[in-house]
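# Examination of the molecular architecture
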Amino acid sequence: MWKMIAEKELRDHLQSTRFLVAAGVSMLLLVMSIWMGITHYKARASQYEQGVQMMLDLASQQSNWMTVTNSAWRKPDAMEILSNGVNSDIGRYSDIGSGRDVRLVRSEYSDDPMLAAFQFLDPTFVILIVLSLIAVLFTYNSINGEKESGTLKLVFANGISKAEYIIGKLIGSWFAILAPVLISFLIGALLIILMGVDLNGSGWGRYGFFFLASVLYATCFMLLGVFVSAMTHRSSVSFLVLLVIWICAVLIVPKAATMLAGRAMPVPTVDEIESRLTSYNTQARIEFFNDMTKRSRARFKSMADMKPEERQPAIAAFQTENEAKRKEMEQGITDYSARIYEDYYNQKSRQELLAFSLAKISPASQFQLATMKLGGTDVGMKKRYEDAMKQYKVQYTDYVQKKGGGGFQMRVSTGRGSTTGSMTGPPQQKIDISEMPKFKDPDYSFGTSVTGALFDLGLLALFNVFAFVAAFVVFLRYDMR
Amino acid sequence: MDQPNILEAQKLTKVYEDGLCALDHVSFSVKAGEIFCLLGDNGAGKTTTINLFLGFLNPTEGIPFINGIDVTKDPLAAKQHVAYLSDVVMLYPNFTARQNLDFFARLGGKNNLKREDYYNVLRQVGLQEKAFEQRLKGFSKGMRQKVGLAITIVKEAPAIILDEPTSGLDPKAANEFLAILHKLRAQGRAILISTHDIFRAKEISDTVGIMSEGKLLAVKTKAELEHENLEKLYLDYIQGKVAA
């Protein structure tokens, strides 16, 4: 019997204008968002290639490692197509070099404020907003609508149990919602292949999990729709109730949770942190210069009575001493920066934990967090890159030291760039950059992404189980009259 | 030969949780080939009686039987022997007339019917051929009622329960509807109709039960009503001028 009900339900949906319009719109938006994601990804990949190449070209023209302006670029990940997450919020590259803090700059949103104002239309956004709304539209009158039209009594005038009916109803509705999602993802996969996006096995695996998360999320709202429809006797009432639930779950809860966590656990802003670091940095350098000036005066005074052959070793000793002092100063700045950032990240992760814990009462947040993890564009993305870039910075500065690029650089900001000068280091022929260490993006494998998303996917699945049980139990008590 | 009771109400009583007595020891039976009309105004207990037969409500006291099966004990088995048509017959507007018929036929256990079988039933209820494969969206109430009646016919159940079947129908459609009921009676179906239409009740029924405030005040056969003014009798009963 349940099969018959499921078949009827599916056919009823498929033959309705409501389904055709809603499924058509959602499929169009989903496919369009995937296509836009691919275009965006390819543009970013090209920008990345150009940025890296330009940096290498400039470096290869230098004759001293000291004058090389190295930078580490974030390599675009094809999974950004599905979930843009914080990708456009964080910078695309960071300058790398002695005395320079690792800081991701030039985010897409900073370059294009219009994009920041209207955000990116990625598949996650479409599913988050459109698919959930469609799931509600499909089911808000699934039970009480049948009561209003008299078909519920007509059906139950036959030998069918309530359990069989509700199971059939849920399965039929589920297939109706699954159909546009499945078709869109298949077309999306085809687009990815046809447009030449190099998605490896891990990428396809994550694509599959993204589909699973989307289905789980849409099922949540479908089950909620049936539950509310079975709780009420008028479809106009259930529609209103579901609209309120949808607004709260999708629009209010995630933002309110972030705001509440911000109030409960305030964290200094990045600007405040940067300002503290800049003052410390400036102070340390002033002290270093003052000390160096003082010592050099004393040294030159003491060298005045020296014979010329005695002066050379004295100058060399002074340079060694200076270099040690400079290293000490640089280390001091690095340690202070590490301390202050560690403290900041600890506070930030406590705040995020609270915000996410609060937000996760909504399936919308569960879905969004899961897909961001799968896409590698979660809130941890910035730290992952900065950590990898800090490691690279150590590797690179050691390499430059070995190549005789010791000394320090002085960057003079001119507002639209910077000029770099060196106080020490002998002039050389053009440098060979073939052995220059290359920045490697932080490892974000299939296992890492899926493991990260598993908790949120589990919560979504749990939410589905609760909603299913609720819809089932409420319908068993439903008054057919 | 005396026909068997297909529908039987034995002292049916329904008292709601708020203490409202919707039905008070109502007993009657409908035999095969008989049309029994429950006549009463709104709130008389007609629909409550039907809801008890269909298992949508549990009686506080008494037993409803369908084809000898106690509905309270085995509602699913009992409902295999009854076809029902409610006053609100919207059906599935996205389905065609034939698709609606197909779904309810299979639900009623008729799994091997062919397209032509459905068409025959739709012809039987007088639906125009061109409407067979049209969606119900654009159907008039009369046309939907015909499809609803086709649904009750196709199940081939020995009992048929109709809740206010002619309400909202124009006179022509109502007459066509009643003509079909006559045919069903001739086929030996036991038909229970709830209505507040006195004239239709007299015209169609073999037996009329007058209900008011949850009580079955009188049961009159066609022969008994032949020389009676049913309207006056009905008003006398519900106004208490005649003792039940």
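Since the model is a prediction, treat every value here as computed from it, not as a measurement. (Residues numbered from 1 in each chain as written. Chains lettered and ligands numbered in written order. Predicted model: local features only at pLDDT ≥ 70, side-chain atom pairs only at ≥ 80, totals over all residues.)

## Thoughts on the overall build of chain A
Helix and strand counts for chain A come out as 15 helices and four strands. Based on the C-alpha atoms only, the size of chain A along its principal axes is roughly 120 × 50 × 35 Å. Across the 481 residues of chain A, 36% fall into the buried class. For chain A, long-range pairs separated by at least 24 residues make up 84% of all intrachain contacts whose partners lie at least 6 apart in sequence. (Helix = DSSP H or I, 4+ residues; strand = E, 2+ residues; numbered from the N terminus. Buried ≥ 20, exposed ≤ 12 C-beta atoms within 10 Å, placed from the backbone. Contact = placed C-beta atoms within 7 Å.)

## Some remarks on the interface of chain A and chain B
Listed per partner, the contact involves 19 residues of chain A and 23 residues of chain B. Among the elements of the structure, α1 (2-14) and α7 (151-156) of chain A are those that each provide at least two residues to the side of chain A that touches chain B. For the side of chain A that touches chain B, a count of residues per class yields seven nonpolar, eight polar and four charged. (Nonpolar A, V, L, I, M, F, W, Y, C, P; charged D, E, K, R; others polar.)

## Observations concerning the packing of helix α10 (residues 235-264) of chain A against helix α13 (residues 363-375) of chain A
When two helices pack together, their arrangement is given by the angle between the helix axes and the distance between those axes. Residue and element names in this part refer to chain A. Contact pair α10 / α13: the axes reach a minimum separation of 7 Å and the direction vectors enclose 75°. As far as their axial angle goes, α13 and α10 are roughly perpendicular. Contacts between α10 and α13 involve A249, V250, V253 and P254 on the former and, on the latter, P363, A364 and S365. (Axes fitted to C-alpha atoms, helices over the stretch in contact; angles between N-to-C directions. Parallel < 35°, antiparallel > 145°, perpendicular 65-115°, else oblique.)

## Comments concerning the packing of helix α2 (residues 17-60) of chain A against helix α8 (residues 162-194) of chain A
All names here are of chain A. The contact between α2 and α8 brings their axes to 9 Å, and the two run at 25°. Considering their axes alone, α2 and α8 lie roughly parallel with respect to each other. The handedness of the crossing between α2 and α8 comes out as right-handed. In contact with F19, A23, S26, M27, L30, V31, I34, W35 and I38 of α2, α8 contributes A176, A179, P180, I183, S184, I187, G188, L191 and I192. In terms of residue class, the contact of α2 with α8 is made up of 15 nonpolar, three polar and no charged. (Left-handed = near helix turned anticlockwise from the far one by under 90°.)

## Details of the pairing of strand β9 (residues 207-212) of chain B
Each regular strand carries side chains that alternate between the two faces of the sheet. All names here are of chain B. Counting buried positions along β9 gives six out of six residues, so the element sits mostly inside the fold. Where burial is concerned, the two faces of β9 agree: the one with T207, G209 and M211 and the one with V208, I210 and S212 are both buried. Across four bridges, strand β3 (residues 35-39) lies against β9 in parallel orientation. The residue bridging F36 from the neighbouring strand is T207, located in β9. In terms of strand pairing, β9 meets strand β10 (residues 215-221) through six bridges, oriented antiparallel. Its bridge partner lying in β10, S212 is registered against K215. Joining the antiparallel neighbours β9 and β10 is a turn of two residues, in which E213 adopts a positive phi near 50°. (Pairing = 2+ DSSP bridges.)

## Thoughts on the pairing of strand β2 (residues 21-31) of chain B
Residue and element names in this part refer to chain B. Relative to β2, strand β1 (residues 5-15) runs antiparallel, the two being bridged by seven bridges. Paired with L12 across the two strands is V26, which belongs to β2. Between β1 and β2, which follow one another and run antiparallel, lie five residues, and G19 among them has a positive phi close to 90°.

## Comments concerning the confidence of the model for chain B
Chain-level statistics for chain B give a pLDDT mean of 87 and a share of 98% at 70 or above. Across the predicted assembly, pTM comes out at 0.81 and ipTM at 0.90. (pLDDT = per-residue confidence, 0-100.)

## Some details on the confidence of the model for chain A
All names here are of chain A. On average, chain A scores 86 in pLDDT, and the residues at 70 or more come to 94%. Per-element confidence in chain A ranges from a low mean pLDDT of 39 for strand β3 (residues 409-413) to a high of 94 for helix α9 (residues 201-231). Confidence over residues 407-425 falls short of pLDDT 50; this stretch has 34 contacts with residues more than four positions distant or in other chains.

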